[in-house]
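Structural overview for review
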Amino acid sequence: MSISKEIVLKALSRVDDPDLKKDLVSLGMIQGLQIEGNKISFKVVLTTPACPLKEVIKNNCVEALEEELGSDIELDIFMTSNVTTARDNAPMLPKVKNIIAIASGKGGVGKSTTSSNLAVALAKSGAKVGLIDADISGPSIPTMFNVEGEQPAVRQLDGKNVIEPIEQYGVKLMSIGFLTPADAAVVWRGPMASSALKQFIGDVNWGELDYLLIDLPPGTSDIHLTMVQTVPVTGAVIVTTPQKVALADATKGLSMFKQPQINVPVLGVVENMAYFTPEELPNNKYYLFGKEGGQRLAEKFGVPFLGEIPIVQSIRESGDTGYPAVLKSGITQEAFSLLAENVARQVAIRNAAMSKTEVVQVNI
C-alpha cells in the first residue's frame, strides 16, 4: 500500500487540540511531514512548551494513523512548540510574544512569590521568560532570586543606551532593587514610579521572550494605568488568598482589568495559601484562611481557576534563601508547575480566540 501525504493529513485532521477545539492540521501544527515506505515522520508544533497534554496529543496522532493505515506503519513523531502571540508588529517590545500582568487587590497575598515561581516554572518547561518587579516601593524579586547584590550593566544597542537584565534560574530580571541601596526607601510620587516602569519596559534589552511577567504592586494605581498605556498586555493573572477580606480586594483588582476602557483579558485566578499541609502529615489539609474562595471568585466573573498553592514552610524558606520552591521536589513544585501549565494554556486559548491586544487609552 502506497502512503500519500493526503491520507496522512486526512487521518491527523481527526485529532483535535483539546484547548483550542480545532484539528491539528487546520491549526498548522503538523509540520515537516516525510514519508519513506511505511515510515512516517513529522513534527507536532504545540502552542507552549508547558503543554500538559503533550502525550495525549501524541497518542491521539498514533491512534488516528493506525486506524487509517494499520499497525504495520513506523511512526517518528517529534513533539515541539512555538508559543503563540497576539502582539504582531508591536512597536514596543517587538520580540516579546506575551506580556502577563500578575496582580492582586491587596498586599501580603504572596503575589511576588507566585510571580517568581511561575516565571521559573515556565523557564523550566523550555520557554524564554522575563520578569519585571513593578513594585517600586517594595521590590522583593532580587531577594527571591538571590541576586540582591547584583547591578545590571548598561551598553549601547543600535545607538541607544540599554540596560542588560540580570539573569537567574533561566529568567531575565529587572527591579528597582538593582538600582538603589538595599536599605534605602524609595519615596517617590506616582509620576516617578511610572517613569521607572516605562524604563523597565522600554530601556531594558529583553531580547526574544515567550512570556514577560510584570509583578504589579497591590491595589489599582498609577503603575497599573502606566502599564496598560505603555504596552498591550496579553492578559492578567489575579492572585488571592481564600479569606473574605482578600477576596474583596481581589475583586476590585479583577474588575479593573474588565473595565471597558481598559479591557485586558483575565487569564484566571490563582488561590495562594489555599491550605496548610504539615510535612509529617502530607495527606492532611488544614484550611487556615477559609476554603475555595479563589474558585468562587473565578466562577463569579466567569474566568478560569488556575490552581491552588499550599502554605507550607518550604515556600517561606525558599523566598528567604532566594531559591524558588518550584526548583525543589514536593507538593509546592507540583502546584507551581501545574499553575505554569494552566497559565500557558490560557495564553494560547486567549491568542487563538481573541483579537490583538491594543495599548489602552485612558483619561483618568
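For the structure itself, look to the data block above.
Quick caveat, the model's predicted, so the values are computed rather than measured.

Digging into the overall build of the protein
The number of helices and strands found in the protein is ten helices and 15 strands. The C-alpha atoms of the protein give a radius of gyration of 22 Å, which matches the 21 Å a tight globule of 364 residues would have. Each principal axis of the C-alpha atoms in the protein carries an extent, and together these give about 75 × 60 × 40 Å. Taking all 364 residues of the protein together, the buried fraction comes to 50%. Here the contacts in the protein between residues at least 6 apart in sequence split such that 73% fall between residues at least 24 apart. Side chains of the protein give 33 positive and 40 negative charges; the mean places of these two sets differ by 6 Å.

Considerations on the packing of helix 7 (residues 244–258) against helix 8 (residues 293–301)
Relative to each other, helix 7 and helix 8 sit at 30 degrees, their axes nearing to 11 Å. Taken together, the axis directions place helix 7 and helix 8 in an arrangement best described as roughly parallel. When you trace helix 7 past helix 8, the crossing you get is right-handed. Packed against helix 7, whose contacting residues are L247, A250, T251, L254, S255 and K258, the element helix 8 presents G293, G294, L297, K300 and F301 at the interface.

Regarding unusual backbone geometry
Non-glycine residue N146 carries a positive phi angle of around 60 degrees. Inspection of the secondary structure puts N146 in the loop between helix 4 (141–144) and strand 8 (154–157). Judged by relative accessible area, N146 falls into the partly exposed class, the value being 47%. Phi angles above zero are rare outside glycine, and M273 is one such case at about 55 degrees. Examined against the element boundaries, M273 turns out to sit in the loop between strand 14 (266–271) and helix 8.

Some details on the sheet that holds strand 4 (residues 39–46)
In space, the three strands of this open sheet follow the order 3-4-5, with mixed pairing throughout. Looking at the sheet topology across the chains shown, the edges are occupied by strand 3 (30–36) and strand 5 (74–81). Across the sheet, the mean angle from the axis of one strand to that of its neighbour is 10 degrees, orientation sign disregarded. Where strand 3 meets strand 4, five bridges bridge the pair, whose relative direction is antiparallel. Paired with I30 across the strands is V44, a residue of strand 4.

Criteria and cut-off values
Residues numbered from 1 in each chain as written. Predicted model: local features only at pLDDT ≥ 70, side-chain atom pairs only at ≥ 80, totals over all residues. Heavy atoms only, no water. Helix = DSSP H or I, 4+ residues; strand = E, 2+ residues; numbered from the N terminus. Rg over C-alpha atoms; globule rule 2.2 N^0.38 Å. Buried < 20%, exposed > 50% of the residue type's maximum accessible area, 1.4 Å probe, protein only. Contact = heavy atoms within 4.5 Å. Lys, Arg positive; Asp, Glu negative; His and termini not counted. Charge placed at Lys NZ, Arg CZ, Asp CG, Glu CD. Axes fitted to C-alpha atoms, helices over the stretch in contact; angles between N-to-C directions. Parallel < 35°, antiparallel > 145°, perpendicular 65-115°, else oblique. Left-handed = near helix turned anticlockwise from the far one by under 90°. Pairing = 2+ DSSP bridges.

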